[in-house]
Amino acid sequence: MAYHKVNADQRPQGHSPYLDNDELQATALELEWDMEKELEEPGFDHFRLDGAVQHHLGNSQSPDLDLEPIQPSSSPKGRFQRLQEDPDYVSHYTRQAPKSNRCRFFQILKVFCTALILFIFGIVIGYYARKKCPSSPTSQEPNNPHIYREILKEIKAENIQQIYRDLLQFPREDDVDIAMKILVQWSSQGLEDVRLVNYSVLLDLPGSSSNTVTLKNSGECFYPSGQQCNRETKMLHSQDLLYSYAAYSAKGTLEAELVDIQYGTVEDLIRIQAITNVTKKIALLKLGQSPLLYKLSLLEDAGFGGVLLYVDPCDLPKTTDLADKAFMVSLNGGGDPSTPGYASIGKKIISLNIQSVTTYKTISNVIGYLKGTVFPDRYVIIGSHHNGLNTYGGQEWASSTAVITAFIQALMLKVKRGWRPDRTIVFCSWGGTSFGNIGSYEWAEDLKRVLQRNVVAYVSLHNPVRGNSTLHPVASPSLQQLAAESQSFSCVEKTRCPGSNVTSVQIQGDSDYFINHLGVPATQFSYEDIKTSENSSFLSEALFPVHTTKTEELDPSFSLHETIAKLTGQVTLQIANEPVLPFNALDIALEVQNSLKGDEVDIPQLLAVASRLRDTAELFQSDEMRPANDPKERAPIRVRMLNDVLQSLEKSFLVHRAPPGLYRNILYRLDERTSQFSVLLEALEHCKLHQSNETVQAALSEVLNSINSAQVYFKAGLDVFETTLAGKK
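Residues numbered from 1 in each chain as written. Predicted model: local features only at pLDDT ≥ 70, side-chain atom pairs only at ≥ 80, totals over all residues. Heavy atoms only, no water.

Enquirer: Got a minute to help me understand the overall build of the protein chain in this structure?
Expert: Each helix and strand in the protein chain was counted, giving 22 helices and 16 strands. Looking at the protein chain as a whole, 51% of its 729 residues qualify as buried. Considering only contacts in the protein chain between residues 6 or more positions apart, those separated by 24 or more positions represent 83%. Counting every atom, the protein chain has about 34100 Å² of accessible surface; 53% of that belongs to carbon and sulfur. (Helix = DSSP H or I, 4+ residues; strand = E, 2+ residues; numbered from the N terminus. Buried < 20%, exposed > 50% of the residue type's maximum accessible area, 1.4 Å probe, protein only. Contact = heavy atoms within 4.5 Å. Areas by Shrake-Rupley, 256 points an atom, 1.4 Å probe, with all protein chains shown as cover.)

The structure is reproduced here in structure tokens:
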């Protein structure tokens, strides 16, 4: 029986090496098994392996991931090859003609003594060689909680504080310059593969003068901060005034009546439309309670011509002093007239003057790779962001970057001692976040096909310390249990444990594309202030000036930063190293059932398919998750198949259409106050506003299809496992 090597690199041009990775590994396992059986066959005395031919991949300047073919670890050539005997490798033994018994006795004695001497000599050499020779740097330590603690104990508050202060020393230069300095910083920590990925994108920047609001009757002019237009104010607050605007708003001047619509809810709109015609008027709108883009879509649909946006001081945390501060928001490509500001309430005719400028600028992402050893084609992405284009967004970008840099620093200390993660960890510092997560969107769209197949999780560090009152962990349903357990793990050596509830709610930042377009499980830890009212949700959409949100006042000792870094690091390490991905299928089914509670969506068909999903998930969890707890069940092909199912659990819940500002991934609720699917709640509100149930039926169909698709996916996974195991038996 002969084997011929099939090299993983011998593929048609343009063929992705990852597409056949599962087949490659499965074939390699079969060949290993057959090879072992053949070695036991009589007459198979000796064999050798050819010299490994290594294929060198040049360093590409492309933003693409390193698509080096993944080869089984059992052989440097990928698949086994049966080769010819090497006459120089095995000494040939030839029998001599029979001699006398005496000669034969001395000959046997001579051979015995020689063998004994060689045996003793070999033992001595082996002992000293093992004692003196250092272990190979590529040897892999077993991954366990002890290893994680060794890595995480290197994350210290004083180190994060020093990195943070170093970052703030960077001049406020272009995005590319800031990104390049982060790249140098990461490389200096020992991260081997760090790349700068540039994009030329359309940004909406402040014009040469500030936006203004003018009262028609008196002619008084006000800046967005509420201060009167005069030379002194303009000189003292020129930067703040320029950057107090709505990026991507329509430009020009609009003169119309001002109408107070509070938070712009459906109830507010119904009340206002009952007493006045709102066509082409200007809405005075409070930020908060629901996503800004969603509220703007309702106002546009109602016929408003413009929006004057402000923050109610009663909704702000008591620890902040932002009541009279202007701010920036991003409409992320929307076209509704809008400007940030603060104005008096009353029936007035005002004139909005919007003067922002749309231009092309270069933004940069910093992407670093720590390649895994067991599943190098599976990626755990951890993302922060940097901010070099304007003075808004506070200093939280430096907090975000300092935390991820401290984690890289701790990780690389262990890597230098020979350890590596099982899966590849991808570190990202995104550019253009304040303008609508532009950097992460561009990069992910470039690599969408690869990321859909290979990313297993996204860990967000968008704004780690935005307050100091309470820990706020957010995770997709499949990661809720891991996020909860990581809090217990991180406080083993502390007297005060966070112990916060983990929720699946919408979050700000660059996780958006991964959650809503790729269906990737995601998690985020952050410290926040206690919300002063139920309307405080989504206030983080407003970006205030740097000097109004000083991080070192929120966390003087940087102990909160250390906690976030360790929680984030713990979750990342577990996802990157556990043989079976630590995802919980049953929690998804439970979240679906909880989202269908309530009289408004009491649809028997939905409840029935949700019940079937739970039954299938329970069976999946109890039957197929055994390898997670029992190492004896971890046949490589079974683990690979199980992980492929687990990493795609949430993809079924991406609906085709979602209103602006709401997640396409229906597993995430709007906020902590709501428990139902946000697309269903929006459809019900639309029904109230337009007296039509067409949108409700469409939303119900989307939700039904998602749940049914997930149930079929779980069932198909079970069938594949049963077929595979039956075939093995």
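Enquirer: Mind showing me how you'd approach helix H18 (residues 604–623) here?
Expert: Since the α-helix advances by 3.6 residues per turn, residues separated by three or four positions end up pointing in the same direction. Under the 1.5 Å per step criterion, the end-to-end length of H18 is 29 Å for 20 residues, consistent within 8% with the ideal 28 Å. Taken residue by residue, H18 has Leu606, Val609, Ala610, Leu613, Thr616, Ala617 and Phe620 as its buried positions. Each buried residue of H18 lies within a common arc of 125° when the element is viewed along its axis, so the set occupies one face. For H18, exposure combined with an orientation more than 90 degrees from the buried face picks out Pro604 and Ser622. (Expected span 1.5 Å × (residues − 1). Arc of directions from axis to C-beta.)

Enquirer: Could you clarify how one ought to interpret the nonpolar core in this entry?
Expert: It is characteristic of soluble globular proteins that their nonpolar side chains tend to be buried jointly. Judged by nonpolar contacts, the single largest core of 167 residues is most densely connected at Phe427, Trp443, Phe514 and Ile575. Of all the elements, helix H10 (residues 396–415) adds the most residues to this core, at twelve residues. (Core = buried A, V, L, I, M, F, W, Y, C linked by side-chain atoms within 4.5 Å.)

Enquirer: Help me out: how do you make sense of the packing of aromatic side chains in this one?
Expert: Each aromatic ring pair is described using two quantities: the centre-to-centre distance and the angle formed by the ring planes. Under the defined criterion, the tally for this structure stands at eight aromatic pairs. With a centroid separation of 6.1 Å and 40° between ring planes, the pair formed by Trp430 and Phe514 is classed as tilted. Here Trp430, found in strand E13 (residues 423–430), pairs with Phe514, found in helix H14 (residues 512–516); they are 84 residues apart in sequence, far enough to count as distant. Assessed through its relative accessible area of 0%, Trp430 is described here as buried. (Phe/Tyr/Trp six-rings, centres within 6.5 Å; stacked < 30°, edge-to-face > 60°.)

Enquirer: What's the story with the environment of Asp166 in this structure? I'm lost.
Expert: By secondary structure assignment, the location of Asp166 is in helix H4 (residues 157–168). For Asp166, a relative accessible area of 34% puts it in the partly exposed group. Placed 232 residues apart in sequence, Asp166 and Ala398 show a C-alpha to C-alpha distance of 9.1 Å.

Enquirer: Explain the pairing of strand E11 (residues 357–370) to me, please; I cannot follow it from the model alone.
Expert: For a regular strand, side-chain orientation follows a simple rule: the groups alternate between the two sheet faces. Where strand E1 (residues 193–205) lies against E11, 13 bridges are found, and the strand directions are antiparallel. Within the sheet, the bridge partner assigned to Ser200 lies in E11 and is Thr362. Two strands pair when backbone bridges link them, and E11 and E13 are joined in this way by five bridges, in the antiparallel orientation. When the sheet's bridge partners are listed, Leu370 is paired in E13 with Ile425. (Pairing = 2+ DSSP bridges.)

Enquirer: I keep staring at the pattern of salt bridges and nothing clicks. Help me out?
Expert: Working definition: two side chains of opposite charge can pair if their charged atoms are close together. Under the criterion given, the structure shown has 20 salt bridges. A salt bridge links Lys414 to Glu150; the nearest nitrogen and oxygen atoms lie 2.3 Å apart. Of this pair, Lys414 sits in helix H10 while Glu150 is found in helix H3 (residues 145–152), placing the two residues 264 residues apart along the sequence. For the salt bridge of Glu154 with Lys156, the shortest nitrogen-to-oxygen distance reads 3.8 Å. (Salt bridge = Lys/Arg side-chain N within 4 Å of Asp/Glu carboxyl O.)

Enquirer: How do you make sense of the pairing of strand E2 (residues 212–215) when you look at a structure like this?
Expert: Of the strand pairs in this sheet, E2 and strand E10 (residues 349–354) are connected by four bridges, and their pairing is antiparallel. The partner of Val213 across the bridge, within E10, is Leu352. Note: E2 against strand E3 (residues 221–222), two bridges, orientation antiparallel. Bridge assignment links Val213 to a residue of E3, and that residue is Phe222.

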